[in-house]
Amino acid sequence: MRDSGLGCSCDRAQTTVLTEIGTSNIGKAYEERGTIMIKVKINGQEQSWDGDPDLPLLWFLRDEAGLTGTKFGCGQALCGACTVIVDKEAVRSCITSIKDIAGREVTTIEGLHPDGDHPVQKAWRQVNVPQCGFCQAGQIMQAAALLMENPKPSHDQIREAMSGNICRCGCYQRIENAVHLASTGV
């Protein structure tokens, strides 16, 4: 799987991103004003943020954009409840700042399909995956990102890709089966 460093705990990749921003015009504007205008496309809609560039994407999505499908689980990128897709990659929005996604395209659970009929969402319903449902948006977004990268993953590849998403109810077998079903085109 590709990894841009945005959703992982990889310090070197995160440092590279932050160093590049710190030496750019974005970094200079922040030093001068304390805020910067950041433009991002969320679910196909242009959004602007003229506030703290270090605001986690999760809180921008929930509090500013009103997209509450993305959940707060741990705040440390350990559980996957906050997973969104940034430029076709699964990213943990709790540790990704709004400045890290400037000019990029973000897809949340609300934007995956307007009617909830993305193949992963259809498979989720067909297999009857959720119990409590809290982790499901993150699970679905992780699975959708996997299928964008690898449309026909093996069961081992599914388990590996989904291993960073915790389901407190233990629905892992149903999650794996739903991802496999989605890969068949449901």
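See the structure shown above.
Please read these numbers as outputs of a predicted model, since none were measured by experiment. (Residues numbered from 1 in each chain as written. Predicted model: local features only at pLDDT ≥ 70, side-chain atom pairs only at ≥ 80, totals over all residues. Heavy atoms only, no water.)

S.K.: Please clarify how the overall build of the chain should be interpreted in this entry.
M.R.: Assigned secondary structure in the chain consists of eight helices and five strands. Ordered by position in the sequence, the α and β elements of the chain form the string α-α-β-β-α-β-β-β-α-α-α-α-α. Counting the 186 residues in the chain, one finds 44% classified as buried. When contacts within the chain are restricted to residue pairs at least 6 apart in sequence, those whose partners lie at least 24 apart make up 58%. As displayed, the chain has an accessible area near 9300 Å², and 49% of this comes from carbon and sulfur atoms. (Helix = DSSP H or I, 4+ residues; strand = E, 2+ residues; numbered from the N terminus. Buried < 20%, exposed > 50% of the residue type's maximum accessible area, 1.4 Å probe, protein only. Contact = heavy atoms within 4.5 Å. Areas by Shrake-Rupley, 256 points an atom, 1.4 Å probe, with all protein chains shown as cover.)

S.K.: Looking at this model, I keep getting lost on the sheet that holds strand β4 (residues 89-92). Mind explaining?
M.R.: Hydrogen bonds between backbone groups are what pair the strands of a sheet, and the pairing can be parallel or antiparallel. A sheet is described by the order of its strands in space; here five strands give the open sequence β2-β1-β5-β3-β4, paired in mixed fashion. The open sheet has two edge strands, β2 (45-51) and β4, and neither has a second partner. For this sheet the average axis-to-axis angle between neighbouring strands, irrespective of direction, equals 40 degrees. Where strand β1 (residues 36-42) meets strand β5 (residues 105-107), two bridges bridge the pair, whose relative direction is parallel. Bridged to Ile-42 within β5 is Val-106. Across the sheet, helix α6 (residues 136-149) lies against β3 (83-86), β4 and β5, angled at about 30 degrees from β3, the strand it touches most. (Pairing = 2+ DSSP bridges. Axes fitted to C-alpha atoms, helices over the stretch in contact; angles between N-to-C directions.)

S.K.: Would you explain helix α7 (residues 155-162) in this entry?
M.R.: Structural remark: α-helix, 3.6 residues per turn; residues separated by three or four positions point the same way. Within the span of α7, buried status applies to Ile-158, Ala-161 and Met-162. Considered in projection along α7, the buried side chains sweep an arc of 90 degrees and stay on one side of the axis. Turned more than 90 degrees off the buried face of α7, the exposed positions are Asp-156 and Glu-160. (Arc of directions from axis to C-beta.)

S.K.: Before we go on, may I ask you to explain the side chain of Thr-107 in this structure?
M.R.: Relative to the helices and strands, Thr-107 is located in strand β5. Taking the relative accessible area as the measure of exposure, Thr-107 reaches 18% and is therefore buried.

S.K.: I keep staring at the packing of aromatic side chains and nothing clicks. Help me out?
M.R.: The geometry of an aromatic ring pair is captured by two quantities: the separation of the ring centres and the angle between the planes. Going through the model one piece at a time under the given rule, you end up with two aromatic pairs. When the ring of Trp-49 is compared with that of Phe-60, the centres are 5.7 Å apart and the planes differ by 70 degrees; the resulting orientation is edge-to-face. Of this pair, Trp-49 sits in strand β2 while Phe-60 sits in helix α3 (residues 57-64), and the two are eleven residues apart along the sequence. Take Trp-49: its relative accessible area is 15%, and that puts it in the buried class. (Phe/Tyr/Trp six-rings, centres within 6.5 Å; stacked < 30°, edge-to-face > 60°.)

S.K.: How should I be thinking about the environment of Glu-64 in this particular structure?
M.R.: Within the fold, Glu-64 resides in helix α3. Non-local contacts of Glu-64, meaning those with residues more than four positions away in its chain, are made with Trp-49 and Trp-59.

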